[in-house]
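Report on the structure
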Amino acid sequence: MAVKEVNERNKTIKVDPHSTVYLTITIGNAQIGGGIIKDENGKTIAKGEIKNELLGTGAQLNGKKYEVITNVLDVNKSTNGIVVTHYFHSEVPSTLTHTGRVDDDGDIYSLTTPYTFKV
């Protein structure tokens, strides 16, 4: 079992200062996995299945950086393709999708994506 580490460039999420920001991570292609959300100080905000995770209001998040780590285990024998979607409810962009591949069945795809929030 190999681990493929992928580090994305920082992505900016435009937030409404009055909105409440939630994050959902979806893993596609019938693969399995989970996520970790860390604040700019490295403190873990949430881990495991990330579904409608409250991050705060747009005003609270303005200027802050969060790191989202998504680990995917390739369990689908039909494909080694990986699809990860980060969905920020009601923000711009609201959906960011990442696609990739692992070499062999049973490999792990570890995706790290930094986000900066701006009003």
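First, a word on scope: everything that follows refers to the structure included in this document. Computed from a prediction, not measured in an experiment: that's the story for all the values here.

Attention shifts here to the nonpolar core. Ranked by size, the top nonpolar core spans 23 residues in total, and within it Leu23, Leu55, Phe88 and Phe117 carry the most contacts. In terms of residues, this core owes the most to one element, strand 10 (residues 108-118), which gives 4 residues. Residues contacting phenylalanine 88, with those up to four places away along its chain left out, are Ile13, Val21, Tyr22, Leu23, Leu55, Pro93, Ser94, Leu96, Tyr115 and Phe117.

Following the sequence through the fold, lysine 64 ends up in the loop between helix 1 (58-61) and strand 7 (65-73). Along the chain, lysine 64 and lysine 118 lie 54 residues apart, while their C-alpha atoms are 7.9 Å from each other. Each residue touching lysine 64, except ones within four places of it in the same chain, is listed here: Glu40, Tyr115, Thr116 and Phe117.

Glancing now at the pairing of strand 7. With 7 bridges connecting them, strand 4 (residues 32-38) and strand 7 associate as antiparallel partners. Counterpart to glycine 34 in the pairing with strand 7 is asparagine 71.

Among the secondary structure elements, threonine 113 is positioned in strand 10. At a separation of 2.8 Å, a polar atom in the side chain of threonine 113 contacts the side chain of glutamate 8. Sequence-distant contacts of threonine 113, defined by excluding residues within four places in its chain, comprise Glu8, Lys11, Tyr66, Glu67, Val68 and His86.

On to the environment of serine 90, then. Relative to the helices and strands, serine 90 resides in the loop between strand 8 (81-88) and strand 9 (95-101). Sequence separation between serine 90 and threonine 20 is 70 residues, and the spatial gap between their C-alpha atoms is 8.4 Å.

Moving on, we come to the side chain of threonine 70. Among the secondary structure elements, threonine 70 is positioned in strand 7. Side-chain polar atoms of threonine 70 contact the side chain of histidine 86, separated by 3.0 Å. If we skip the residues at most four places from it in the chain, threonine 70 touches Ile25, Ile27, Gly34, Gly35, Val84, His86, Tyr109, Ser110 and Leu111.

In this section: the packing of aromatic side chains. Per the counting criterion, the structure on display carries 3 aromatic pairs. Seen in terms of ring centroids, tyrosine 66 and phenylalanine 117 are 5.6 Å apart; in terms of plane orientation they differ by 90°. Their pairing is edge-to-face. With a gap of 51 residues between them, tyrosine 66 in strand 7 and phenylalanine 117 in strand 10 connect regions that are remote in the sequence. Like phenylalanine 117, tyrosine 66 is buried. Ring centres 5.9 Å apart and planes at 75° place the aromatic pair phenylalanine 88 and phenylalanine 117 in the edge-to-face group. Here phenylalanine 88 is found in strand 8, whereas its partner phenylalanine 117 is found in strand 10, with 29 residues between them in sequence. Pairwise contacts between aromatic rings join Tyr66, Phe88, Tyr115 and Phe117 into one cluster.

Attention now moves to the sheet that holds strand 3 (residues 20-27). What the 4 strands build is an open sheet, ordered 6-3-8-9; its pairing is antiparallel. The sheet is open, and its two borders are formed by strand 6 (53-57) and strand 9, each paired with just one other strand. The mean inter-strand angle of the sheet, taken between neighbouring strand axes irrespective of direction, is 20°. Alignment of strand 3 against strand 6, held across 4 bridges, turns out to be antiparallel. Following the sheet pairing, tyrosine 22 is matched in strand 6 by leucine 54.

Analysis parameters
Residues numbered from 1 in each chain as written. Predicted model: local features only at pLDDT ≥ 70, side-chain atom pairs only at ≥ 80, totals over all residues. Heavy atoms only, no water. Core = buried A, V, L, I, M, F, W, Y, C linked by side-chain atoms within 4.5 Å. Buried < 20%, exposed > 50% of the residue type's maximum accessible area, 1.4 Å probe, protein only. Helix = DSSP H or I, 4+ residues; strand = E, 2+ residues; numbered from the N terminus. Contact = heavy atoms within 4.5 Å. Pairing = 2+ DSSP bridges. Polar contact = N/O pair within 3.5 Å; in protein donor to acceptor, adjacent residues only side chain to side chain. Phe/Tyr/Trp six-rings, centres within 6.5 Å; stacked < 30°, edge-to-face > 60°. Axes fitted to C-alpha atoms, helices over the stretch in contact; angles between N-to-C directions.

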